[in-house]
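Understanding the architecture of this molecule
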Amino acid sequence: MQNREILPPPMLRIGPLRWLKDNLFSTRYNALLTFLAVVFLYLTLHPTLEWVLWHARWDAIPANLKLFLVGIYPMKDVWRVWVCVYWILLLLGLSGGLWGRLAREAALIVGSGAILLLLLPFSWMERLWILGAVLGLFGGLSIGWLLRERKSWRKDVIILWALSPLIVVLFLGGLPNNPLLSPVGTNQWGGLMLTFMLAIVGIASSFPLGVLLALGRQSSLPVIRWISILYIEVVRGVPLITVIFMTSIMLPLFLPAQVRVDQALRAMVAFALFTSAYIAENVRGGLQAVPRGQIEAAKAVGLSGMLTTFFIVLPQALRVVIPANVGQFISLFKDTALVFVASLLDLFGMAKSILANPDWLGRDREVLLFIAFVYWLFTYFLSRMSRRLEKALGVGER
Amino acid sequence: MPAPQTVIPLWRDVRVLRILAQVIFVITLVLVANWFYTNLSRNLGRTGIHVGFDFLHLTAGFRISEGISFESTDSYGYAFWVGIVNTLRVIGIGILLATILGLVAGVARLSTNWLVCKMASVYIETIRNTPLVVQLFFWYTATFLKLPNVHDSLELPGPIYLSQRGLALPVPHLTEHFSSWSYFLVAGLVLACAVYVGRRRYLQRVQRPGFPSAWALITFLGTSALGWFLLPRSPIAWEVPVLSRFNFEGGLQFTPEFAALLTGLVVYTGAFIAEIVRGGILAVSKGQKEAARALALNNLQVLRLVIFPQALRVIIPPITSQYLNLAKNSSLAVAVGYPDLFSVANTIINQSGRAIEMILFIMGSYLIMSLITSAFSNWYNRRIRLVEH
Amino acid sequence: MDCVETRMSDPIIVAEDVHKWFGNFHVLRGVHLTVSRGEVLVICGPSGSGKSTFIRIINRLEEHQRGRIAVDGIELTNDLRNIEAIRREIGMVFQQFNLFPHLTVFENITLAPIWARKVKRSDAEKQALELLERVGIPEQAQKYPGQLSGGQQQRVAIARALAMQPKIMLFDEPTSALDPEMIKEVLDVMGELAASGMTMIVITHEMGFAREVADRIAFFDEGRIVEAAAPVDFFTAPEHERTKLFLSQILHH
């Protein structure tokens, strides 16, 4: 009866030699490719590594770290930035606890990133702040974990997320006549903080506009449809840099003389105007993905056009386009570097101005590589998450 | 029997409501636009600016050292034209090189060779996830400007010279023997056509597949090569750049600004094209491959006859939009000081203060480019759809 | 062909000379039909004959371009109030179910009563439970449509339509997207509905159902009602050649 037994599949383990043969030298042509690749890697990596380890002068980065992170934001108010960071991390932790794998993974990656920061040679004060951030994140995570069975909390957390841009802007910008939160004009915002604020305010304000434009483009009323199409196509046809340039020069001309709009706000207007056209196209894709039968069924049960849009069409359409809109946020995040045409000191602008400083002459490679790495860190993290989200949504569909 | 048709009150008639909604929408828009316009004219009146295009004839008073020749005595209008030509130059070369790079990287990303695949994916993930303007700045200040002095230029095979002053390459030019060689070229073309037609007829008669175009190509190359060897001296010569006192002379020369912009755009767009190419090849379903295999086609035939035509259909539309992105991104030339249309317009604004007019010009130029591109892309999509039916 | 005579007196749907074009294609070429209160009318006919378009016009999902239709005394016009009123009176069940995939079964049923008829939430929920009992799947209330079988989905769709307490129910090929073993459960629910006195117009090719449940069968061809008769007459003594041909095709295979 031996042959009736369930046998394990034959040989699954693969030794390193076998792996090399399979993946690098499977055919003669593949071996040649491997050889060429190794030569290329040696020629490029060798001088690069040599430079990074021996010749690079990284001193410009720790010396200007505060400028890179928050620009010329007043030193005595930097705690407000930390409070905002804590707020976001707490929310991230809460969501990580409340929702399934994806949010939890995001929270854990950010948490371990923060712990890694602790290992870098910061001053004790700074380490204390970072430690607070780590504790906030994991505190949120455990609270969320304890509350994960109560679904109603999820709605509350979503509302908190939606309110976050407003809270953060109020907190960083301050209020007039408030001793604790004294006003800090956006002309004093800078560095990575400004980069984030531009991207977040940009996406938050372009989203409603984009949804309206998408609905307008699908409207059965010709005038509304044409004007939406005109707006979307014109904006998509011009480079972002020209839109930023335009608002930075022309916005004050279009407003009454007594209204003062500073450069950061003008840039945010530009991002909102520009990104809304792209969001509109993404949302339109989602709207088209909603089957006609859904709209007919909604009408047949007696819902009016407005109710059909809000209860049936938009919920289904917006869900489909979440990944596309995360992608839009990522590209907006990268595009914030373009505000250099409006002479704003975001992360890239700050790097340029530090390089223009005679003290740090000739540190171009070091400084540019550093900021490129910072941008990469966030965009890579976001795009990985967005890819995972896409998969998760796709599986949940049917 | 239905009741006799009653008159619908206007406020409940769907047709009237639809028109009313549009009228209200238009009125709102006009009111907003009017408010902007009033503010604009009031602000312009206050600052004493007037709007008009007469300034285009004024003398520019600045120099452009790139592209077609431009002197500081030329007009603003001509300066903008020089900018447009420079933009088109970088777009044209950029599209060509980015396509090649993207194809190579996209195919490499799918390679079964682990090392090649990983290298391609590191390239793609690094480049796609950092801002283009940072990359451009890096290419310019941290790469091209850090190259050695002209007198110690790096010499690459070719000879191609790389220095702080940019890139100098040999350029082919025609010698006096070219006119006699051109007879061979024409003869080759005629022969090739004849061979193509004859071979195709033959193949049709015997009902066999084959490559009549390859036969024609070989005929053409053969005839031209024959001509090349029969002539006393070669009809095309290479003009090699030579180092003079301050810079290279002769050959084809690119400024570091152009080289940095081009490299940045090509490397950046190439990474996006690579992802599209990879996606397009993966999009051809496994079933298609298996069906083709089952029909006893060999690997090359599967690729050429089944996968490639289908992948192309998926690939072309997003690649067109990447071309458009490259065109729009070329406006970042201003970050490295390459005088493209945006950066020239920027200079004109600084000199003449004519912001409104120049911004209209800039946007108009890019809009025309994107209209042309989308017209092409629509035409292509329609053609594909026709093929399907 | 013209004015089809009615056996019962009280008409609820009256259609006179209804025409409809899609572009240049003349889909409906003068449909005359009167349906009485409580009547069950089965419509059959070859595909492309316009039968589906016709019942979508009754619900104003499509607009007719000539002729007149009145439902329970309300004429179908561009009057917004009439359109809303008619949709409240008429329930519709689609071939592809068209349940809202992002809402639970329960929410699918309660959505329209709460928002379009402004029923109190608690009342709407009570009614939804009753309706789910009636179509035989009370235990599925909290699931999403994607988790149900086709037959169950179609029964939910029927419950959703009934939740608006319509006077008339339209069925557009309710069983043709279903696997054979699920057809019966849906037809049973429809049979019970007919027995309860609901006015129904059903497009279907289930001739067994037509024979047992229908008061009248109408045969559609080339945009017209060619023939309409009680089931017995329709099956045993069809008058028109086209009807005979259609019946022979549909019954003998």
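The structure displayed is predicted, hence computed values, not measured ones. (Residues numbered from 1 in each chain as written. Chains lettered and ligands numbered in written order. Predicted model: local features only at pLDDT ≥ 70, side-chain atom pairs only at ≥ 80, totals over all residues. Heavy atoms only, no water.)

All names here are of chain B. A complete count under the given rule lists 28 salt bridges over all chains for this structure. Measuring nitrogen to oxygen at the nearest pair gives 3.6 Å for the salt bridge that ties Arg278 to Glu275. Here Glu275 and Arg278 lie together in helix H7 (residues 256-283), a separation of 3 residues that amounts to about one turn. Taking the relative accessible area as the measure of exposure, Arg278 reaches 23% and is therefore partly exposed. (Salt bridge = Lys/Arg side-chain N within 4 Å of Asp/Glu carboxyl O. Helix = DSSP H or I, 4+ residues; strand = E, 2+ residues; numbered from the N terminus. Buried < 20%, exposed > 50% of the residue type's maximum accessible area, 1.4 Å probe, protein only.)

Moving on: the interface of chain C and chain A. At the junction of the two partners, chain C supplies 19 residues and chain A supplies 16 residues. Between chain C and chain A, a total of about 1,700 Å² is buried, with carbon and sulfur atoms accounting for 67% of that surface. When the buried surface of chain C facing chain A is broken down by residue, Arg87, Phe100 and His102 of chain C rank first, second and third, together holding 29% of it. Where chain C packs against chain A, one counts 1 salt bridge. Between Arg56 of chain C and Glu296 of chain A there is a salt bridge whose closest N-O contact spans 2.5 Å. Put simply, chain C and chain A have 5 residue pairs in polar contact (both at pLDDT 80 or more) between them. Among the secondary structure elements, those contributing two or more residues to the side of chain C that touches chain A are strand S6 (90-93) and helix H3 (105-115) of chain C. Per-element accounting of the side of chain C that touches chain A gives the leading share, 3 residues, to H3 of chain C. A per-class count over the side of chain C that touches chain A returns 13 nonpolar, 3 polar and 3 charged. (Contact = heavy atoms within 4.5 Å. Buried area = accessible area lost by both parts, 1.4 Å probe. Polar contact = N/O pair within 3.5 Å; in protein donor to acceptor, adjacent residues only side chain to side chain. Nonpolar A, V, L, I, M, F, W, Y, C, P; charged D, E, K, R; others polar.)

This part covers the packing of aromatic side chains. All names here are of chain A. Within the structure shown, the criterion is met by 34 aromatic pairs over all chains. Ring geometry for Phe333 and Phe378: centres 6.0 Å apart, planes at 65°, overall edge-to-face. Of the two residues, Phe333 sits in helix H15 (residues 322-335) while Phe378 sits in helix H17 (residues 364-397), which places them 45 residues apart along the sequence. For the ring pair Trp376 and Tyr380, a centre distance of 4.7 Å and an interplane angle of 10° mean the geometry is stacked. With Trp376 and Tyr380 both in helix H17 and 4 residues apart, this pair spans about one turn of that helix. Here the aromatic residues Phe196, Phe333, Tyr375 and Phe378 are joined through ring pairs into a cluster of three or more. The ring of Tyr278 has Arg236 lying over it, and the distance from NZ or CZ to the ring centre is 5.6 Å. Positioned above the aromatic ring of Trp51, the side-chain terminus of Arg365 is 5.9 Å from the ring centre. (Phe/Tyr/Trp six-rings, centres within 6.5 Å; stacked < 30°, edge-to-face > 60°. Lys NZ or Arg CZ within 6 Å of the ring centre and 35° of its normal.)

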